[in-house]
Amino acid sequence: MKPLRFFILFCLLALTSALSLPGVQAAEKQSQTLSDKPWVWPLAPEKPRIQHIKTFITPQDLGVKKGFFAKLWEFIAGEDTVDRIISPHGVAADGDGKVYIADWGGSCIHFFDFEKKKYDKFSKTKLGPLASPIGAALDADGLLYVSDSVRRRVFVFDGSKNKRVIGDDTLLRPTGIAVNRTEKTLYVVDTRGHRVEIFDLAGKRLFSFGSRGAGDGEFNFPTHVAIDGQGDVYVVDTLNFRVQIFDKAGKFLSKFGGNGTSIHDFIKPKGIAVDSEGHLWVSDSLRNSIQVFDRQGRLLLIFGRMGIERGQFNVPAGLFMDGKDRLYVADSYNYRMQMFQHLK
């Protein structure tokens with residue numbers, strides 16, 4: 001073992017010397033300067049309306065980092081034990097630093113606590129491990145609701161423990177979910193059923209609305225849902241290329257959008273979120289952008305394009321807006337989450 005120890009010591013000394021070279025230090029300083037420069041949109045001279053906060057993929061993005069020797073051992077042994085986001089879809093946050101991510105690619109839930117710098121990952125349910133977690137929502141008590149499109153249920157977690165299961169085989173493909181905290185009801189989008197199912201938080205089915213079609217109140221593979229402070233319900237009617245608005249009882253109110261490539265149309269809308277001013281934020285997964293509308297469907301802002309830099313996306317999916325108007329974007333095929341601040 002002595003030759004191996006000497007070899008490792010030699011590598012450490014060589015690396016330490018290399019990192020002290022002026023050229024390396026200058027490159028690091030330049031890289032740090034570029035990363036510290038705020039990303040905002042729109043650019044000057046327009047007034048910025050949104051600012052990038054952070055991108056996170058692994059627990060190390062919390063500031064909890066592995067030691068150098070742990071990394072070196074992983075390199076020598078050929079092991080990489082980093083927990084990482086694989087294909088995020090749904091997201092929910094409490095506004096105080098706790099973020100839950102439904103990762104269908106990893107068949108798990110990632111929990112990030114940015115205030116306490118903690119991380120957890122869990123997937124166990126009363127019916128076995130999660131198969132395809134899609135939607136995520138939190139109730140007023142901090143319980144987490146997760147839809148699984150393959151197991152065709154909604155699982156309720158208290159921490160990492162599955163407390164109860166909602167739904168039965170009449171759910172064909174549950175995807176987007178949202179909680180009305182005032183009414184204590186759960187809205188579940190059934191994509192293959194072309195409808196929205198409503199349950200109380202104990203799991204009792206209350207009613208549903210919608211059927212397949214292109215008329216008002218009808219759906220063609222809906223995917224996501226959001227609820228505003230008044231209880232109105234916003235459903236992304238994905239393959240009708242529009243957003244439909246309902247009251248809490250499922251009564252149709254209005255709609256906007258259309259199939260096309262102009263900036264106010266949709267190609268494949270997915271995630272939706274509502275900010276404190278009532279603006280609607282919609283992700284278009286094939287446009288690789290986020291579009292912002294008012295309640296009447298007038299386009300206010302659009303940002304994003306294909307890429308890996310800040311403010312760029314690769315098939316963005318679920319969106320969530322917390323109480324501090326921070327937008328969470330599941331940047332699914334970039335295998336990461338991006339956070340933005342809405343500048344009112």
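Residues numbered from 1 in each chain as written. Predicted model: local features only at pLDDT ≥ 70, side-chain atom pairs only at ≥ 80, totals over all residues. Heavy atoms only, no water.

A. How the structure looks around the side chain of Thr 125. Among the structural elements, Thr 125 can be located in strand E7 (residues 124-125). A relative accessible area of 13% places Thr 125 in the buried class. Within the structure, the side chain of Thr 125 is placed 3.1 Å from the backbone nitrogen of Leu 127, a separation counted as a polar contact. Within the structure, the side chain of Thr 125 is placed 2.4 Å from the backbone oxygen of Gly 128, a separation counted as a polar contact. When neighbours within four sequence positions are excluded, Thr 125 is seen to be in contact with Leu 130, Phe 155, Phe 157 and Asn 162. (Helix = DSSP H or I, 4+ residues; strand = E, 2+ residues; numbered from the N terminus. Buried < 20%, exposed > 50% of the residue type's maximum accessible area, 1.4 Å probe, protein only. Polar contact = N/O pair within 3.5 Å; in protein donor to acceptor, adjacent residues only side chain to side chain. Contact = heavy atoms within 4.5 Å.)

B. Just the sheet that holds strand E9 (residues 133-138), in detail. The strand order across the open sheet built from four strands is E9-E10-E11-E12, with neighbouring strands paired in antiparallel fashion. The open sheet has two edge strands, E9 and strand E12 (161-166), and neither has a second partner. Across the sheet, the axes of successive neighbouring strands diverge by a mean angle of 25°, strand direction being ignored. Relative to E12, strand E11 (residues 153-158) runs antiparallel, the two being bridged by five bridges. What sits directly across from Phe 155, in E12, is Val 165. (Pairing = 2+ DSSP bridges. Axes fitted to C-alpha atoms, helices over the stretch in contact; angles between N-to-C directions.)

C. Geometry of the sheet that holds strand E6 (residues 118-122). Read across the open sheet, the four strands follow the order E3-E4-E5-E6; overall the sheet is antiparallel. The open sheet has two edge strands, strand E3 (88-93) and E6, and neither has a second partner. Neighbour to neighbour, the strand axes of the sheet diverge by 15° on average, direction disregarded.

D. Quick look at unusual backbone geometry. The omega torsion across Trp 41 and Pro 42 is 0°, close enough to zero to call that bond cis. With respect to the helices and strands, Pro 42 occurs in the loop between strand E1 (40-41) and strand E2 (50-56). In this structure, the amide linkage connecting Ala 44 to the following residue, Pro 45, adopts the cis form with an omega of 10°. Here Lys 117, not a glycine, exhibits a phi torsion of approximately 55°, which is positive. Among the secondary structure elements, Lys 117 is positioned in the loop between strand E5 (108-113) and E6. Judged by its relative accessible area of 45%, Lys 117 is partly exposed.

E. Structural view of the environment of Phe 303. The residue Phe 303 is located in strand E24 (residues 299-303) in this model. The spacing of Phe 303 and Ile 290 is 13 residues in sequence and 5.5 Å in space, taken between C-alpha atoms. Apart from residues no more than four positions distant in its own chain, Phe 303 is found in contact with Trp 39, Trp 41, Ile 50, Trp 281, Ser 289, Ile 290, Phe 313, Leu 327 and Phe 340.

F. Quick look at the pairing of E5. Counted residue by residue, E5 has six buried out of six residues, so it is predominantly covered. The side-chain alternation of E5 yields two buried faces, one formed by Cys 108, His 110 and Phe 112 and the other by Ile 109, Phe 111 and Asp 113. Once strand E4 (residues 98-103) ends, the chain turns through four residues before running back antiparallel as E5, passing Ser 107 with a positive phi of about 50°. Hairpin geometry of E5 and E6 is characterised by an intervening segment of four residues between the two adjacent antiparallel strands and by a positive phi of about 55° at Lys 117.

G. Seen up close, the pattern of salt bridges. For the coordinates displayed, the defined rule picks out 16 salt bridges. Between Asp 113 and Lys 98 there is a salt bridge, with its nearest N and O atoms 3.9 Å apart. One end of the pair, Asp 113, is in strand E5; the other, Lys 98, is in strand E4, with 15 residues separating them in the sequence. Through salt bridges with shared partners, one network takes in Asp 190, Arg 195, Glu 197 and Arg 205. (Salt bridge = Lys/Arg side-chain N within 4 Å of Asp/Glu carboxyl O.)

H. Examining the environment of Gln 341 more closely. Following the sequence through the fold, Gln 341 ends up in strand E27 (residues 336-342). Taking relative accessible area as the criterion, Gln 341 reaches 22% and is therefore assigned partly exposed. Measuring from C-alpha to C-alpha, the distance between Gln 341 and Ile 53 comes to 6.5 Å, with 288 residues separating the pair along the chain. Setting aside chain neighbours within four positions, we find Gln 341 in contact with Arg 49, Ile 50, Gln 51, Ile 53, Lys 324, Asp 325 and Arg 326. Reaching out from Gln 341, the side chain makes a polar contact with the backbone oxygen of Asp 325 at a distance of 3.1 Å.

I. Broad picture of the pairing of strand E21 (residues 269-274). Burial analysis of E21 places six of its six residues in the buried class, the great majority of the element. Alignment of E21 against strand E22 (residues 280-284), held across four bridges, turns out to be antiparallel. Residue pairing in the sheet places Val 274 in a bridge with Leu 280 of E22. Here E21 hands over to E22 after five residues, with Gly 278 in that stretch at a positive phi of 85°.

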